[in-house]
Structure formats: structure tokens, C-alpha cells
Amino acid sequence: MKKIILLFALAGSIFACTKKEDGAAASTGAKGQNGIAIDSSANTDLVRKAIAAFESGDTATYRSTYSADAIFHDNLDSMGIDGNMTIFKVLADKGIKVSIKVGPVWENQFDKPNAKGYTNFVMGYTTFTYTRGDKTAKTVIFAVDAIKDGKQVEEWLVYDRTAFAELAK
């Protein structure tokens, strides 16, 4: 019995002394893997900063999170940063207030860059609630932001415009 206990103690100490790798390092080279997903990073913080600036109407901070030549694909309508910034004027002109509930946000970091040189993409779901007078409209937006050199360089948004369009009439 003492030998069995000693054997388990020895085996346990050997396993305890082996080097443990983190999830990303341990899975590197796994069949079909070409990157990792993480839930908190400087890039996810950057996207959250842009969302908070949008909600508060802080155009300077919002603009500062994007590169000067950022491209936006808003339900496949493509535009630059100046075109994207017109939403602030629309909201102000129509007297629409915005509140935003941020859902899950995560970053995919790929080992190899895509054709445009991007390796980092932040993705997330947000619920936008628009209020004008006593009327409200909600829209859930799925966003993918390509990040390069600490700036958002390309953004894809997918959502149903119907609720906002009705409220903005």
C-alpha cells in the first residue's frame, strides 16, 4: 500500500513540474488553426472607446479611433470617415438621442495577414436605442473592425435600418 501511495505521489509531482502552455501556444499548429480569439485587448478597448464616443456625441474622440483613410461598409454602402461622420449631424438635426448597450466584443488575431495586410479584427454586437420624443427604436448591430497600428482602418456593419428610418422621418 505504501508503494502505491508513493507511486501516486511521485507521478503527481512529475505532472506538477511539467511546463504548462497557455491556450494559444498549446494550440499553435493545430490542424485548421491560423490564429486566436481573445476577449480583452488594447484593440477591443479601442472599439469600446469609439462606441462610447458615438453614444456621447464626442466626434473628436470618435474620429481619433479611426485612421484618416478608414473605409466603412455600412450594410455594404461604402464610405470614408467624413461620410460616416454625417450620422452625428443627422442625429442632432432630428433631435434623436442614442443609448448603447455593448454586448460581446472579442478580437481575432490571425497568424498571417489578409490581402490588405490586416491580422487583427475586433467583432461585437451592440444594441442601439434611439429616442426621439416619446418614440424609441432599437437596432442590433454586428460590427467587424479591422485594426492596424492602433487605429480602426476598415469597418463592416450589418443591421436592419428599418427602425431608425421610421424614427428619423
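Quick look at the structure, then. Just so it is clear, the model here is predicted, and its values are computed rather than measured.

What about unusual backbone geometry?
Positive phi, normally seen in glycine, also occurs at leucine 76, with a value near 75 degrees. Relative to the assigned elements, leucine 76 resides in the loop between strand 2 (66-74) and strand 3 (77-79). The phi torsion at aspartate 149 lies on the positive side, around 55 degrees, for a residue other than glycine. Among the structural elements, aspartate 149 can be located in the loop between strand 6 (135-148) and strand 7 (151-158).

Section: the pairing of strand 2
Across five bridges, the pairing between strand 2 and strand 7 is parallel. For aspartate 74, the partnering residue across the bridge sits in strand 7 and is leucine 157. Bridge count between strand 2 and strand 3: three bridges; the pairing is antiparallel. Pairing of aspartate 74 across the sheet is with aspartate 77, part of strand 3. Between the antiparallel neighbours strand 2 and strand 3 lie two residues, among them asparagine 75 with a positive phi of about 55 degrees.

Points about the packing of aromatic side chains
Within a pair of aromatic rings, the relevant descriptors are the distance that separates the centres and the angle that separates the planes. Applying the stated criterion across every chain yields a total of 13 aromatic pairs. Considering the side-chain rings of phenylalanine 54 and tyrosine 62, the 5.9 Å spacing of their centres and the 55 degrees angle between planes classify their relative orientation as tilted. Grouped by ring-pair contacts, the aromatic residues Phe54, Tyr62, Tyr66, Phe72, Phe88, Phe128, Tyr130 and Phe164 constitute a single cluster.

Overview of helix 5 (residues 81-94)
In a regular helix each residue adds 1.5 Å, so 14 residues correspond to 20 Å; helix 5 covers 21 Å between its end C-alpha atoms and thus fits that length. All buried positions along helix 5 are accounted for by Ile81, Asn84, Met85, Phe88 and Leu91. Taken end-on, helix 5 shows its buried residues confined to a sector of 105 degrees, consistent with a single buried face. In helix 5, the exposed residues that point more than 90 degrees away from the buried face are Asp82, Lys89 and Asp93. Backbone geometry just downstream of helix 5 places glycine 95 in the positive-phi region, at approximately 70 degrees.

Structural notes on the pattern of salt bridges
Enumeration according to the criterion identifies five salt bridges in this entry. As a salt-bridge pair, aspartate 93 and lysine 89 come within 2.8 Å of each other at their nearest N and O atoms. In this pair, aspartate 93 and lysine 89 are both assigned in helix 5, four residues apart and thus about one turn of the helix distant. Grouping residues by exposure puts aspartate 93 and lysine 89 together as exposed. Among the ionic pairs, glutamate 166 bridges to lysine 169, the shortest N-O distance being 3.2 Å. The class of lysine 169 is exposed, set by a relative accessible area of 66%.

Quick notes on the rules
- Residues numbered from 1 in each chain as written.
- Predicted model: local features only at pLDDT ≥ 70, side-chain atom pairs only at ≥ 80, totals over all residues.
- Heavy atoms only, no water.
- Helix = DSSP H or I, 4+ residues; strand = E, 2+ residues; numbered from the N terminus.
- Pairing = 2+ DSSP bridges.
- Phe/Tyr/Trp six-rings, centres within 6.5 Å; stacked < 30°, edge-to-face > 60°.
- Expected span 1.5 Å × (residues − 1).
- Buried < 20%, exposed > 50% of the residue type's maximum accessible area, 1.4 Å probe, protein only.
- Arc of directions from axis to C-beta.
- Salt bridge = Lys/Arg side-chain N within 4 Å of Asp/Glu carboxyl O.

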